[in-house]
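If you want the building blocks of each chain, they are given just below.
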Amino acid sequence: MQRALKALAVLFCVIALASGDCPHQRSGLTRWSSWSDKPTAAMQNVTIPSNIKILLDEATPIINFLDIMGELIFDEKSVSLDAHFINVHSNAHLWIGTQ
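In this report, the structure presented in the accompanying data block is examined. (Residues numbered from 1 in each chain as written. Predicted model: local features only at pLDDT ≥ 70, side-chain atom pairs only at ≥ 80, totals over all residues. Heavy atoms only, no water.)

Let's talk about the sheet that holds strand S5 (residues 71-74)
Within the open sheet, the four strands sit side by side as S1-S3-S5-S7. Their pairing is parallel. One side of each edge strand has no neighbouring strand; the edge strands of this open sheet are strand S1 (30-31) and strand S7 (93-95). Across two bridges, S1 lies against strand S3 (residues 53-56) in parallel orientation. Bridged to arginine 31 within S3 is leucine 55. (Pairing = 2+ DSSP bridges. Helix = DSSP H or I, 4+ residues; strand = E, 2+ residues; numbered from the N terminus.)

Take a look at the structure:
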């Protein structure tokens, strides 16, 4: 399943590159690996504020609750997001591949 999702994401990015709109290549992204509010231990609650765009560039520990008010964009490499609950607010985005 993970391979299929990755292949699908890569396919979307290849298609999107033709139009220049691959989300993980946008400017102004903050890497999850260097973001100070990322969870340091399993089962923490995490909020991505509305003014933040995060590039998920590494696997996460198991997050209890992920509250996305800004943007969370999966990198093109193989990464995983493990969470019990994910809430994506209106006007917020969770990007896995492209549209």
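What about the side chain of aspartate 67?
Relative to the helices and strands, aspartate 67 is located in strand S4 (residues 63-68). A distance of 2.6 Å separates the side chain of aspartate 67 from the side chain of histidine 89, its partner in a polar contact. With sequence-adjacent residues up to four places away left out, aspartate 67 is seen in contact with Val46, Thr47, Ile48, Asn87 and His89. (Polar contact = N/O pair within 3.5 Å; in protein donor to acceptor, adjacent residues only side chain to side chain. Contact = heavy atoms within 4.5 Å.)

Description of the nonpolar core
In this structure, Trp32, Ile48, Leu56, Leu66, Leu72 and Leu81 are the most contacted members of the largest nonpolar core, which totals 14 residues. The set of elements that each furnish at least two residues to this core consists of strand S2 (45-48), S3, S4 and S5. When sequence neighbours within four positions are dropped, the list of residues in contact with tryptophan 32 reads Lys38, Pro39, Val46, Ile48, Ile54, Leu55, Leu56, Asp57, Glu58, Thr60, Ile63 and Leu72. (Core = buried A, V, L, I, M, F, W, Y, C linked by side-chain atoms within 4.5 Å. Buried < 20%, exposed > 50% of the residue type's maximum accessible area, 1.4 Å probe, protein only.)

Considerations on the pattern of salt bridges
A complete count under the given rule lists two salt bridges for this structure. For arginine 31, the salt bridge identified is with aspartate 57, shortest N-O distance 3.4 Å. Remark: aspartate 57 occurs in the loop between S3 and S4 and arginine 31 occurs in strand S1; sequence separation between them is 26 residues. What makes arginine 31 partly exposed here is its relative accessible area of 41%. A residue is classified by how much of its surface remains accessible, and aspartate 57, at 7% relative accessible area, is buried. In this structure, glutamate 58 engages lysine 38 in a salt bridge whose closest nitrogen and oxygen atoms are separated by 2.9 Å. Taken together, the positions of glutamate 58 in the loop between S3 and S4 and lysine 38 in the loop between S1 and S2 put the pair 20 residues apart, joining distant regions of the chain. (Salt bridge = Lys/Arg side-chain N within 4 Å of Asp/Glu carboxyl O.)

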